[in-house]
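Examining the three-dimensional arrangement
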Amino acid sequence: ASVFNSLSIISNQETPNHQDHLSIPECFDILTTMGNYSNARMSMPSLQLEFRYDSGCMIALSGKNCETWVDGVEGDRIAWAWYMRDSVHIYARVPSCGWARVEGHILTMV
C-alpha cells in the first residue's frame, strides 16, 4: 500500500528539463534511484541546485513547482517516481490531500 496514487519507473534514461504539470502542488514527489552506475546528477535549475544522484538516493520535491532534469549515466540505473494526480482523486471521488504543515513537532496534512 502507498499514500501515492501514481508511479513511474524509469530505466537507463536521461530525463530532460521539465516540470510535472499534472502533479498536485501541495504534495511532494518522492524519487528513488538504484543500480550499478556512476556519474549521475540531478539538477533543479529554477532553484540553482545540483545533486549527486547516487544509487540509493531519495529526493523529495514538488514536481509541479520545481524544474528538474537527470543526465545520462554510465551503467544501469532504475528510478521510481511516486507522485499524486488530482485526476485519480476526482475519478475515485475522494478529497485531495491538503498542504503539509507542522503543529508542535508532528507533521500533519490539512
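Report on the accompanying structure. Values in this document were obtained by computation on a predicted structure and should not be read as measured data.

Before going further, it helps to spend a moment on the overall build of the chain. Helix and strand counts for the chain come out as one helix and ten strands. Going from N to C terminus, the chain has its helices and strands arranged as β-β-β-β-β-β-β-β-α-β-β. Split into buried and exposed, the 110 residues of the chain put 31% on the buried side. Within the chain, contacts between residues separated by at least 24 positions form 70% of all contacts whose residues are at least 6 apart in sequence.

Together, L7, I9, M34 and I78 line one region of the surface with nonpolar side chains, adding up to about 320 Å² of accessible area. Position of I9 relative to the elements: it lies in strand β1 (residues 6-11).

This part covers the sheet that holds strand β3 (residues 29-38). As summarised here, the arrangement of the four strands in space is β1-β8-β3-β6, forming an open sheet in which the pairing is antiparallel. Strands at the two margins of the open sheet, each flanked by one partner only, are β1 and β6 (58-61). Taking each pair of neighbouring strands and ignoring which way they run, the sheet shows an average axis angle of 15°. Across four bridges, β3 lies against β6 in antiparallel orientation. When the sheet's bridge partners are listed, D29 is paired in β6 with L61.

Let us look at the sheet that holds strand β7 (residues 68-70). An order of β2-β7-β4-β5 is seen for the four strands of this open sheet, with the pairing classed as antiparallel. The strands lining the two open edges of the sheet, one partner per strand, are β2 (15-18) and β5 (49-52). Going from strand to strand, the sheet's axes swing by 15° on average, the running direction of each strand aside. Direction of pairing for strand β4 (residues 41-44) relative to β7: antiparallel, over a ladder of two bridges. Counterpart to S43 in the pairing with β7 is W69.

In this section: the nonpolar core. Membership of the largest hydrophobic core comes to 14 residues, with the highest contact counts inside it found for L31, M42, M44, Y53, I59 and L61. Among the elements of the structure, β3, β4, β6 and β8 (74-83) are those that each provide at least two residues to this core. No other element matches the three residues that β8 contributes to this core. Ignoring anything within four residues of it in the chain, the contact list for L31 reads M42, Y53, C57, M58, I59, L61, W80 and A81.

As a further point, take the environment of L47. You can see L47 is positioned in the loop between β4 and β5. Distance in space between the C-alpha atoms of L47 and E67 is 8.3 Å, their sequence separation being 20 residues.

Attention now goes to the pattern of salt bridges. Pairing between side chains of opposite charge can happen when their charged atoms approach one another. The tally for this structure, following the rule as stated, stands at two salt bridges. Put simply, D54 and R52 hold a salt bridge, and the shortest N to O gap is 2.6 Å. The class for D54 is partly exposed, based on a relative accessible area of 31%. With a relative accessible area of 57%, R52 lands in the exposed category.

Scoring rules and cut-offs
Residues numbered from 1 in each chain as written. Predicted model: local features only at pLDDT ≥ 70, side-chain atom pairs only at ≥ 80, totals over all residues. Heavy atoms only, no water. Helix = DSSP H or I, 4+ residues; strand = E, 2+ residues; numbered from the N terminus. Buried < 20%, exposed > 50% of the residue type's maximum accessible area, 1.4 Å probe, protein only. Contact = heavy atoms within 4.5 Å. Patch = residues over 30% accessible without salt bridge, like charges linked within 9 Å, V, L, I, M, F, W, Y side chains within 5 Å. Areas by Shrake-Rupley, 256 points an atom, 1.4 Å probe, with all protein chains shown as cover. Salt bridge = Lys/Arg side-chain N within 4 Å of Asp/Glu carboxyl O. Pairing = 2+ DSSP bridges. Axes fitted to C-alpha atoms, helices over the stretch in contact; angles between N-to-C directions. Core = buried A, V, L, I, M, F, W, Y, C linked by side-chain atoms within 4.5 Å.

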